[in-house]
Amino acid sequence: MSRTTLSAAMPDGSPSPSLLSQRIFHLPLPLFAIALIVMAGAIATDTLPSGMIGALLVMMLLGELLGFAGDRLPIVKTYLGGGAILALFGAAAMVYFGWLPAAVADDVATFMKGGGFLDFYIAALITGSILGMDAKVLVKVGSRYALPLLCSVLFAALFAMAVGALLGFSAQDAVVVIAMPIMGGGMGAGAVPMSQIYEQLLGQPASYYISILVPALALGNVFAIIIAGLLNGLGNRYPSLTGNGQMMPGVDVDEKEGAVTLPALGVGLVAALSFFVAGQILGEFVPLHPYALMIVLVALLKVTNLVPESINDAAAQWFRFVARNWTFALLFGIGVAFTDLGQVIDAISLTYVLIVFAVVAGAAFGAGLVGKLVGFYPIESAITAGLCMANMGGTGDVAVLSAARRMSLMPFAQISSRLGGALILLISSVVVPVFFT
């Protein structure tokens, strides 16, 4: 039987890809299925190794499977963050409904927390994302872009407090529990390290805080995409407000991506771990979270050109390797170890939804208003410095810019997601003690 007869036809009459030709985690579907069967057999016979081997196998296979599905579900992939959100909530649901054996869930949670996998991922993300950017871009764009970025955070907090006050929601909870995580640059660089900062400063376990922060992220991502589409329509009606994908005349941001080499991956790994440990050392002397200190250290060395270019490239390569291969695994682990689905369900209410909308609208308004004052087109500034701060990181950037029909703004969106997320971690380290002590 021919391959064509095994496949359904597309609307235009051409054959659709065979199911067997699909790939999950770079593997043909039959090979991925074999790996799943091996994992399931080990779980059923209680022979799954404890520690890193068993936990990482479960996280990678189930995380990639859920991510594959989420990236193909129409509403989920368009409005709710795609595979990222399904990998996280799917894992949380498996624990909540008892579909994942308790011993396996405990092993994953132990690997995520005591095993340090979360810190390992975040170290690669922070080091590689900052060192991988052009230092001239950081200085040239940052000197002008920083103000609308800061004002998007300020107006997001003000709008949250104003709506919260009208609905009987405390100002500190509106800012710390809702506004900060939404503006934090997604899960891996935002809500997860933020929950650990909150744990250190406020005393409750990180799982308690992330269960509250995650719904804000998901809802914020939805509203950011919707508002992006509305801003596109506004630009069509009032052309003077938009550069149709151009931030301002004469500014071109481009991020190079070199070829991956095996020696560079090793160097990037050492760089990431070294910067992470340096942040821990500084944390003994400076009253800020080690993540925040690590960000400051990496950015300072990058801007002053004290890091050799070979190290910059290696760190960026290692970050890309980690992000492309372990992001769904990390999100699955977060769903198991840090997300209590019962608490997530209890957290959602009409008041909560309205405050989330106020945060996203405030971010867009503040960034657009101040962006105009510093020479940006207001709609482009609102989209990049505002909405791309309020979405779920990289996947959110794609969704927001697609809705706004301005994919050319991706470099600016990345600045918001990367440096903006780092900024929120710094702010949260300072603001939380002020609000709650």
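See the structure above.
Residues numbered from 1 in each chain as written. Predicted model: local features only at pLDDT ≥ 70, side-chain atom pairs only at ≥ 80, totals over all residues. Heavy atoms only, no water.

### Describing the pattern of salt bridges
Phase 1 of the analysis: Using the criterion set out here, one finds one salt bridge in the structure.
Phase 2 of the analysis: Salt-bridge contacts for arginine 406 lead to glutamate 380; the nearest nitrogen and oxygen are separated by 2.8 Å. Taken as a pair, arginine 406 in the loop between α18 (394-404) and α19 (410-436) and glutamate 380 in helix α17 (residues 378-387) lie far apart in primary sequence, 26 residues in all. (Salt bridge = Lys/Arg side-chain N within 4 Å of Asp/Glu carboxyl O. Helix = DSSP H or I, 4+ residues; strand = E, 2+ residues; numbered from the N terminus.)

### Things to note about unusual backbone geometry
Phase 1 of the analysis: In this structure, asparagine 244 is a non-glycine residue whose phi angle is positive, near 50 degrees.
Phase 2 of the analysis: Among the structural elements, asparagine 244 can be located in the loop between α11 (206-237) and α12 (262-283).
Phase 3 of the analysis: Unlike most non-glycine residues, arginine 405 shows phi in positive territory, near 60 degrees.
Phase 4 of the analysis: Relative to the assigned elements, arginine 405 resides in the loop between α18 and α19.
Phase 5 of the analysis: The exposed category is assigned to arginine 405, whose relative accessible area is 70%. (Buried < 20%, exposed > 50% of the residue type's maximum accessible area, 1.4 Å probe, protein only.)

### Digging into the side chain of asparagine 325
Phase 1 of the analysis: Tracing the chain through its elements places asparagine 325 in helix α14 (residues 309-337).
Phase 2 of the analysis: Since its relative accessible area comes to 15%, asparagine 325 is described here as buried.
Phase 3 of the analysis: Among the polar contacts made by the side chain of asparagine 325, one reaches the main-chain carbonyl oxygen of phenylalanine 321 at a distance of 2.8 Å.
Phase 4 of the analysis: Apart from residues lying up to four places away in sequence, asparagine 325 is in contact with Phe25, His26, Met60 and Glu64. (Polar contact = N/O pair within 3.5 Å; in protein donor to acceptor, adjacent residues only side chain to side chain. Contact = heavy atoms within 4.5 Å.)

### Thoughts on the packing of aromatic side chains
To describe a pair of aromatic rings, one takes the distance between the centres and the angle between the planes.
Phase 1 of the analysis: Applying the stated rule across the entire model yields 14 aromatic pairs.
Phase 2 of the analysis: Ring geometry for phenylalanine 117 versus tryptophan 326: centroids 6.1 Å apart, planes at 75 degrees, classification edge-to-face. With phenylalanine 117 in helix α7 (residues 117-131) and tryptophan 326 in helix α14, this residue pair connects regions lying 209 residues apart in the sequence.
Phase 3 of the analysis: Its relative accessible area of 5% is what places phenylalanine 117 among the buried residues.
Phase 4 of the analysis: An aromatic cluster of at least three residues, connected via ring pairs, comprises Phe111, Phe117, Phe120, Trp318, Phe321 and Trp326. (Phe/Tyr/Trp six-rings, centres within 6.5 Å; stacked < 30°, edge-to-face > 60°.)

### Here we look at the nonpolar core
Phase 1 of the analysis: Judged by nonpolar contacts, the single largest core of 132 residues is most densely connected at Met59, Met112, Ile178, Ile182, Met183, Phe332 and Leu387.
Phase 2 of the analysis: Not counting the four nearest positions on each side in its chain, methionine 59 is found in contact with Glu64, Val108, Phe111, Met112, Phe117, Phe328, Ala329, Phe332 and Gly333. (Core = buried A, V, L, I, M, F, W, Y, C linked by side-chain atoms within 4.5 Å.)

### Overview of the packing of α12 against α14
Phase 1 of the analysis: Closest axis-to-axis distance for the α12/α14 pair is 7 Å, and the angle between their directions is 90 degrees. It follows from the interaxial angle that α12 and α14 lie roughly perpendicular. Contacts between α12 and α14 involve Ala264, Leu265, Val267, Gly268, Leu269, Ala271 and Ala272 from the former and Ile311, Ala314, Ala315, Gln317, Trp318 and Phe321 from the latter.
Phase 2 of the analysis: A breakdown of the residues in the contact of α12 with α14 according to their chemical character gives eleven nonpolar, two polar and no charged. (Axes fitted to C-alpha atoms, helices over the stretch in contact; angles between N-to-C directions. Parallel < 35°, antiparallel > 145°, perpendicular 65-115°, else oblique. Nonpolar A, V, L, I, M, F, W, Y, C, P; charged D, E, K, R; others polar.)

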